[in-house]
Amino acid sequence: MRREGHGGCHHPFAIALTSVRGGGLPSDVTIEIGGTSFNLHKFPLISRSGLFSKIIGDSPNEDGPIYAIHLNDIPGGAKVFELIARFCYDVKLEVPQCY
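This is a predicted model, so every value here is computed, not measured. (Residues numbered from 1 in each chain as written. Predicted model: local features only at pLDDT ≥ 70, side-chain atom pairs only at ≥ 80, totals over all residues. Heavy atoms only, no water.)

Visitor: How do you make sense of the pairing of strand E4 (residues 67-70) when you look at a structure like this?
Guide: It is a general feature of regular strands that their side chains alternate between the two faces of the sheet. Side chains of E4 alternate between two faces, with Tyr67 and Ile69 buried and Ala68 and His70 left unburied. The sheet contact formed by strand E2 (residues 29-33) and E4 spans 4 bridges and is parallel. Bridging across to E4, Val29 finds its partner in Tyr67. (Buried < 20%, exposed > 50% of the residue type's maximum accessible area, 1.4 Å probe, protein only. Helix = DSSP H or I, 4+ residues; strand = E, 2+ residues; numbered from the N terminus. Pairing = 2+ DSSP bridges.)

Now the structure itself:
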């Protein structure tokens, strides 16, 4: 789920992840990029991303049941991270053809 700033804006992608992939399970990973938060699930992330596997794989979580990860150096920011999250959740991506 994506939340921008402090307003809690719900993005269509957030609804798709919650209803299609989340199966009603509460998120256990919060990824913050700039002022945008993504409330996601550990297993789709670690199964499709070596980076997330290293960051949250089998390491103990000292923050309780939710991992909080701050990624402020992602090229393209939250907009690009949303594509990464879609990939991890196996959501169909439409990438425009470059000329």
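Visitor: I keep staring at the pattern of salt bridges and nothing clicks. Help me out?
Guide: Pairing of side chains with opposite charge becomes possible as their charged atoms draw close. On inspection of all chains with the given rule, the structure shows 2 salt bridges. A salt bridge links Asp90 to Arg48; the nearest nitrogen and oxygen atoms lie 3.4 Å apart. You can see Asp90 sitting in the segment after helix H4 (77-88) and its partner Arg48 sitting in helix H2 (residues 42-48), a full 42 residues away along the chain. A relative accessible area of 34% means that Arg48 is categorised as partly exposed. (Salt bridge = Lys/Arg side-chain N within 4 Å of Asp/Glu carboxyl O.)

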